[in-house]
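Observations on the three-dimensional arrangement
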Amino acid sequence: LVRLHRDARFLGMASLKEVEDLAKMEPALLSRSAFETIAVEHMGRRLWTRFAVLLREHTDKPIYLCPQPHVSQDAVHSDDPNHVLLQNIAVSGDGRIMNNIHRLTLTELAKDANVTVLSQPKSTISRGIMTKREMSRGSIRLAATGRFEHDRTDYDHANATYGGLVLDQIQEAVLAGVKQG
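Remember, it's a predicted structure, so these values are computed and weren't measured experimentally.

**Some thoughts on the pairing of strand β8 (residues 146-149)**
Relative to β8, strand β7 (residues 140-143) is paired through 4 bridges, and the arrangement is antiparallel. Along β8, the bridge assignment pairs R141 with F148. Connecting β7 to the antiparallel partner β8 that follows it, the hairpin turn spans 2 residues.

**Considerations on a nonpolar patch on the surface**
Among the surface-exposed residues, L47, F51 and L55 lie close enough to one another that they form a single nonpolar patch of about 310 Å² accessible area. The topology assignment puts L47 in helix α3 (residues 47-57). Residue classification places L47 among the exposed residues on the basis of a relative accessible area of 60%.

**Quick word on the nonpolar core**
L1, M13, F35, W48, M98, V115 and I129 are the most contacted members of the largest nonpolar core, which totals 33 residues. When contributions to this core are tallied by element, the ones reaching two or more residues are α1 (2-7), β1 (8-10), α2 (32-43), α3, β3 (63-65), α4 (81-92), α5 (95-111) and β4 (115-117). Looking at this core, the element that brings in the most residues is α5, giving 6 residues. For M98, the residues in contact, after removing those within four places along its chain, are L1, H5, M13, F35, I89 and I129.

**Observations regarding the layout of surface pockets**
Approximately 860 Å³ is the volume found for the largest pocket. Taken together, 27 residues make up the lining of the largest pocket; nearest its centre are L1, V2, R46, V71 and H102. Within the residue set of the lining of the largest pocket, elements represented by two or more residues are α1, α2, α4 and α5. The residue inventory of the lining of the largest pocket, partitioned by class, reads 16 nonpolar, 7 polar and 4 charged. Space inside the second largest pocket adds up to approximately 330 Å³. Taken together, 15 residues make up the lining of the second largest pocket; nearest its centre are N99, R103, Q120, K122 and I125. Tallying contributions element by element places α5 first for the lining of the second largest pocket, with 6 residues. Here the residues of the lining of the second largest pocket sort into 4 nonpolar, 8 polar and 3 charged.

How each quantity is defined
- Residues numbered from 1 in each chain as written.
- Predicted model: local features only at pLDDT ≥ 70, side-chain atom pairs only at ≥ 80, totals over all residues.
- Heavy atoms only, no water.
- Pairing = 2+ DSSP bridges.
- Helix = DSSP H or I, 4+ residues; strand = E, 2+ residues; numbered from the N terminus.
- Patch = residues over 30% accessible without salt bridge, like charges linked within 9 Å, V, L, I, M, F, W, Y side chains within 5 Å.
- Areas by Shrake-Rupley, 256 points an atom, 1.4 Å probe, with all protein chains shown as cover.
- Salt bridge = Lys/Arg side-chain N within 4 Å of Asp/Glu carboxyl O.
- Buried < 20%, exposed > 50% of the residue type's maximum accessible area, 1.4 Å probe, protein only.
- Core = buried A, V, L, I, M, F, W, Y, C linked by side-chain atoms within 4.5 Å.
- Contact = heavy atoms within 4.5 Å.
- 1 Å grid on protein atoms, 1.4 Å probe; cavity = no way out; pocket = protein on both sides within 12 Å on 5 of 7 lines; lining within 4 Å.
- Points joined across faces, edges and corners; volume = space filled by probe spheres on them.
- Nonpolar A, V, L, I, M, F, W, Y, C, P; charged D, E, K, R; others polar.

Here it is in structure tokens:
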């Protein structure tokens, strides 16, 4: 979605508040509906959507999707092109609306496979679209040869505190499903 934000915007985004002539602006101006359609099309090609559909074909049990956490807010120090695009979203004030589109897109795609999407816990989100640094620092990489702390420049992984919050979220969702069923 960060590349979509680079190439297009829609009315209601904070980043458009200062634009004087929308007809001449770069990136392209789209309707929100068109923006969301492109997001669904793009994310629909991801492995997890194909996997969820395949899994659903073989079970009638509940399936819960816990998406990858957002990139750490420490990524503001990164020169990775994707992180720079994410920084632009956060600085422009569009983080919250892009996070909502991300969540709605996941939910829309998961609906066809009857999968429940568990959003990133709100208490872990910074600037609307990044993970708070205290949820990322000290993350551990598991390897055949042992456990190793991720590099300080690894902005894509969350730590055990974050994992605990997600496990609590999964437990709540499963218990709610048991009570309903």
